[in-house]
Number of protein chains: 2
Amino acid sequence: MNPSPATLKDVAAAAGVSVSTASRALAGNPVITEQTSERVRQCAEELNYRPNAQARALRSSRTHVIGVTIPSLVNPFFATMAQVIQQEATARGLSTIISSTAEDPGQLNASLDVLATQRVDGILAVPYNGSEASFERLRKARIPVVLLDRELPATGLSTVASDPRPGMDAAVAHLLANGHRHIGYLSGPMTTSTGVSRLAAFQAACERHGVEKREIYRGGYERADGHAGTLTLLDRGVEAIIAGDTMMSVGALEACHARKVIIGRDLAFIGYDDNVTLRLQASPVSVIDQDVATLGRTGLRLLVDLMSGASPPTTVTTPTTLIIRPSSDFIRPADEVRT
Amino acid sequence: MNPSPATLKDVAAAAGVSVSTASRALAGNPVITEQTSERVRQCAEELNYRPNAQARALRSSRTHVIGVTIPSLVNPFFATMAQVIQQEATARGLSTIISSTAEDPGQLNASLDVLATQRVDGILAVPYNGSEASFERLRKARIPVVLLDRELPATGLSTVASDPRPGMDAAVAHLLANGHRHIGYLSGPMTTSTGVSRLAAFQAACERHGVEKREIYRGGYERADGHAGTLTLLDRGVEAIIAGDTMMSVGALEACHARKVIIGRDLAFIGYDDNVTLRLQASPVSVIDQDVATLGRTGLRLLVDLMSGASPPTTVTTPTTLIIRPSSDFIRPADEVRT
């Protein structure tokens, strides 16, 4: 009986390195020192290690670098997403390069073109509506792509996104249960699927639960939009505000601080995306949470599957949840005079 | 008299594009659409535009991409720095790719090697002590490099950093003036020049102003370090805490919230780096501010100068300043019993 052929795991063990390091050494990845690469190659030779042809062909064409393009570096939601992706990528022996579009749809094309010329093995991207042509160019260049957070159905690309409906529905029901009846919503831009779907989820929840009065402010995903929108909604006399993303949530806090509106007493407030600024408030802020770690990890897993040719495009949706904290969890007196 | 030869500016004006777009079009940068490139080339031909030989040689070897490696994506100080750099780079027709070392000195070498293989025109990097060899490899590969935030004198590289002494000195003097005499310091890691120089600045300020009792906690630049360090310093009975960086500042807030220590009443607190989480507190937090926008813009300007061969290595230092807010600006009674 022939002994089993040596595996990459055997080579790694013999060389005293991790499997991913052994893989990168044999692929000639310059991240591995020449000394280590030489030791791995010797061990592979001694063990008569033969990667199968398909795997070898794949490896030889690879740079072991993936590109990630996010809309904003200073939005903690996307910063955390990029960090989770990088951690997972590192564990798999992949390096990560990141670019930001600064929430400018026009910059996305440029970012994707730069990533393509940088010879990355695959791309994780947060798209805008209207950026289909850029992704079509990547498809022609045979660069695997997974869309993150925002959907672009016409592209047929693998997508990982969260469903705003469970969290939004729970948020509206929670506000009503505590007597907050005049509800304002800070809506994100209609150039993103999330802006569109979260607004639809808010409207549907208001219909379902019979909200008496609702106010909608339409803005972008920036602090300034949350700030201006909150002042507008307060002027319209709302008792509660739901914010449509992280940066608008932070802008809403700033507006309330500036106008001496006490959240958790004068105003019920629910933010979007769980982060430290919202948690560390005098009245810690309730949020609709997207589970950013799961989004990032799932996105990377789908991309790795695509890069290895193992799977067709897939769409994964994760549910949102409501985290209730003191900012919204107080009872508004039923007989309070409302404007 | 011969007319002046056509300049790139003339070509750009004729083609109806910006100078940077014209430059990139003539350099064959794929970020520019084929249609625009063709129009620019025609205008250049019609105007008999001839770039001088040196400029042409430079341009032809360029990718118009710069690399930025930062220690952390979720640290708002570095996220803001990267965003400022990207904005400035975009205005100059350069694309930016970013990598993060996740505050792991070992990952810096890998990040720099990846950036080098990605054929970037230049690199802005935040280094660790001990990473001299990686920068030596970049020097041999003739890739222009500017160090940001942290110094590495042995490399002789251009560096943009801030001087912690003015801000730290003002912070200690301010605490003493308000009667906070037992002062704790959350120190960053000794593997960074900033960790070393900020601790030295704290010690020097305590000596100069005659602080009665001081306590030092040595940690890393992570939230968990700030959290654990704050609990330790509180157990030692400090009346005031100065935090050595953004993430330690955030961890300190978390620890105080968890232990129901009221900042601005029970404890005087001064954070490091001005950001929204510290501003939006019940007692807005005093900070030692580094002027991150100036750091980022200056770093990019030095890199562009190096890339054009226009200047020798340069070191620029910007001063820190103290921003006083209610977290530290209260008078501690002189007869208060202290532990």
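Keep in mind it's a predicted model, so treat the numbers as computed, not measured. (Residues numbered from 1 in each chain as written. Chains lettered and ligands numbered in written order. Predicted model: local features only at pLDDT ≥ 70, side-chain atom pairs only at ≥ 80, totals over all residues. Heavy atoms only, no water.)

1. Concerning the pattern of salt bridges
Residues and elements named next belong to chain A.
- Applying the stated criterion across every chain yields a total of 30 salt bridges over all chains.
- A salt bridge links Arg332 to Glu239; the nearest nitrogen and oxygen atoms lie 4.0 Å apart. Residue Arg332 is found in the segment after strand E12 (321-323), and its partner Glu239 is found in the loop between helix H10 (223-235) and strand E8 (240-243); the two are separated by 93 residues along the sequence. Each of the two residues, Arg332 as well as Glu239, counts as buried.
- By sharing partners, the salt bridges in this structure join Glu103, Asp149 and Arg150 into a single network. (Salt bridge = Lys/Arg side-chain N within 4 Å of Asp/Glu carboxyl O. Helix = DSSP H or I, 4+ residues; strand = E, 2+ residues; numbered from the N terminus. Buried < 20%, exposed > 50% of the residue type's maximum accessible area, 1.4 Å probe, protein only.)

2. Some words on the sheet that holds E8 of chain A
All names here are of chain A.
- With mixed pairing, the six strands of this open sheet are ordered in space as E7-E6-E8-E9-E10-E12. Of all the strands in the sheet, the pair left with one neighbour each is strand E7 (213-218) and E12. The average undirected angle you get between the axes of adjacent strands in this sheet is 20°.
- Of the strand pairs in this sheet, strand E9 (residues 268-272) and strand E10 (residues 286-289) are connected by three bridges, and their pairing is parallel. Opposite Tyr272, over in E10, you have Ile288 as the bridge partner.
- Docked against the sheet, helix H8 (residues 164-177) engages strand E6 (182-187), E8, E9, E10 and E12, running at close to 170° with respect to E9. (Pairing = 2+ DSSP bridges. Axes fitted to C-alpha atoms, helices over the stretch in contact; angles between N-to-C directions. Contact = heavy atoms within 4.5 Å.)

3. Brief notes about the sheet that holds strand E7 (residues 213-218) of chain B
Residue and element names in this part refer to chain B.
- Taken together, the six strands give an open sheet; going across it, the order is E7-E6-E8-E9-E10-E12, and neighbouring strands pair in mixed fashion. At either margin of the open sheet sits one strand with a lone partner, and together these are E7 and strand E12 (321-323). Neighbouring strand axes in the sheet, compared pairwise and without regard to direction, differ in orientation by 20° on average.
- Bridge count for strand E10 (residues 286-289) against E12 is three bridges, and the pairing is antiparallel. If you follow Asp289 over to E12, its bridge partner there is Thr321.
- Its contacts with the sheet put helix H10 (residues 223-235) on strand E6 (182-187), E7 and strand E8 (240-243), and the angle it makes with E7 is roughly 150°.
- Contacting E6, E8 and strand E9 (268-272), helix H11 (residues 246-258) crosses the sheet at an angle of about 150° to E9.

4. Here we look at the relation of the copies chain B and chain A
- Between chain B and chain A, which share one sequence, the superposing operator has a rotation angle of 180° and an axial displacement of 0.1 Å; the RMSD is 0.2 Å. On the angle and the small slide along the axis, the relation comes out as a two-fold axis.
- The residues that chain B uses at the interface reappear at the interface of chain A in 100% of cases, marking a shared surface. (Least-squares fit on C-alpha atoms with pLDDT ≥ 70 in both.)

5. What about empty space enclosed by the protein?
- If you walk through the whole model with that rule in mind, you get four cavities of 30 Å³ or more.
- Every residue lining the largest cavity is listed: Asn75, Phe77, Phe78, Asp149, Arg150, Thr194, Arg198, Tyr221, Asp245, Asp273 and Gln290 of chain A.
- No fewer than three residues from each of domain 2 (65-162 + 292-319) and domain 3 (163-291) of chain A sit in the lining of the largest cavity.
- Space inside the second largest cavity adds up to approximately 50 Å³.
- Around the second largest cavity, the lining residues are Asn75, Phe77, Phe78, Asp149, Arg150, Arg198, Tyr221, Asp245, Thr246, Asp273 and Gln290 of chain B.
- Along the lines of polarity and charge, the residues of the lining of the second largest cavity split into three nonpolar, three polar and five charged.
- Residue assignment places the lining of the second largest cavity across two domains, with domain 2 (65-160 + 292-318) and domain 3 (165-290) of chain B each supplying three or more. (1 Å grid on protein atoms, 1.4 Å probe; cavity = no way out; pocket = protein on both sides within 12 Å on 5 of 7 lines; lining within 4 Å. Points joined across faces, edges and corners; volume = space filled by probe spheres on them. Domains from an automatic or database assignment. Nonpolar A, V, L, I, M, F, W, Y, C, P; charged D, E, K, R; others polar.)

6. Considerations on the domain arrangement of chain A
- Here chain A is partitioned into domain 1 (8-60), domain 2 (65-162 + 292-319) and domain 3 (163-291).
- Of note, the centres of domain 1 of chain A and domain 3 of chain A, computed from C-alpha atoms alone, are 52 Å apart.

7. Some words on the packing of aromatic side chains
Residues and elements named next belong to chain A.
- All told, the structure shown has four aromatic pairs over all chains when counted by the stated rule.
- With a centroid separation of 5.1 Å and an interplanar angle of 75°, the aromatic rings of Phe77 and Phe78 are classed as edge-to-face.
- By relative accessible area, which is 6% here, Phe77 ends up buried.
- By relative accessible area, which is 3% here, Phe78 ends up buried.
- One cation-aromatic arrangement involves Arg150 over Tyr128; the distance from NZ or CZ to the ring centre is 5.1 Å. (Phe/Tyr/Trp six-rings, centres within 6.5 Å; stacked < 30°, edge-to-face > 60°. Lys NZ or Arg CZ within 6 Å of the ring centre and 35° of its normal.)

8. A look at the interface of chain B and chain A
- In this complex, chain B contributes 38 residues to the contact, which on the side of chain A involves 38 residues.
- Both sides together, the interface formed by chain B and chain A hides about 3,200 Å², and carbon and sulfur atoms give 62% of it.
- Remark: the boundary between chain B and chain A carries zero salt bridges.
- Counting every contact that joins chain B to chain A gives eight residue pairs in polar contact (both at pLDDT 80 or more).
- Every element with two or more residues in the side of chain B that touches chain A is listed here: helix H5 (76-91), strand E2 (95-100), helix H6 (105-117), H11 and helix H12 (276-279) of chain B.
- Across the side of chain B that touches chain A, the residue classes tally to 17 nonpolar, 16 polar and five charged. (Buried area = accessible area lost by both parts, 1.4 Å probe. Polar contact = N/O pair within 3.5 Å; in protein donor to acceptor, adjacent residues only side chain to side chain.)

9. Considerations on the side chain of Arg325 of chain A
Residues and elements named next belong to chain A.
- By the element assignment, Arg325 lies in the segment after E12.
- Of the polar contacts made by the side chain of Arg325, one reaches the backbone oxygen of Val285; its length is 2.8 Å.
- Not counting the four nearest positions on each side in its chain, Arg325 is found in contact with Asp274, Arg279, Pro284, Val285, Ser286 and Val287.

10. Here's the deal with the pairing of strand E4 (residues 145-148) of chain B
All names here are of chain B.
- Side-chain alternation along E4 places Val145 and Leu147 on one buried face and Val146 and Leu148 on a second face that is also buried.
- As paired strands, strand E3 (residues 122-125) and E4 are joined by three bridges and run parallel to one another. Paired with Leu124 across the bridge in E4 is Val146.
- Between the parallel pair E3 and E4, the chain is carried across by helix H7 (residues 132-140), and the sense of this crossover is right-handed.
- The pairing of E4 with strand E5 (residues 158-163) spans three bridges and is parallel. Looking at E5, one finds that Leu148 is bridged to Val160. (Right-handed = clockwise from strand over helix to strand, strands pointing away.)

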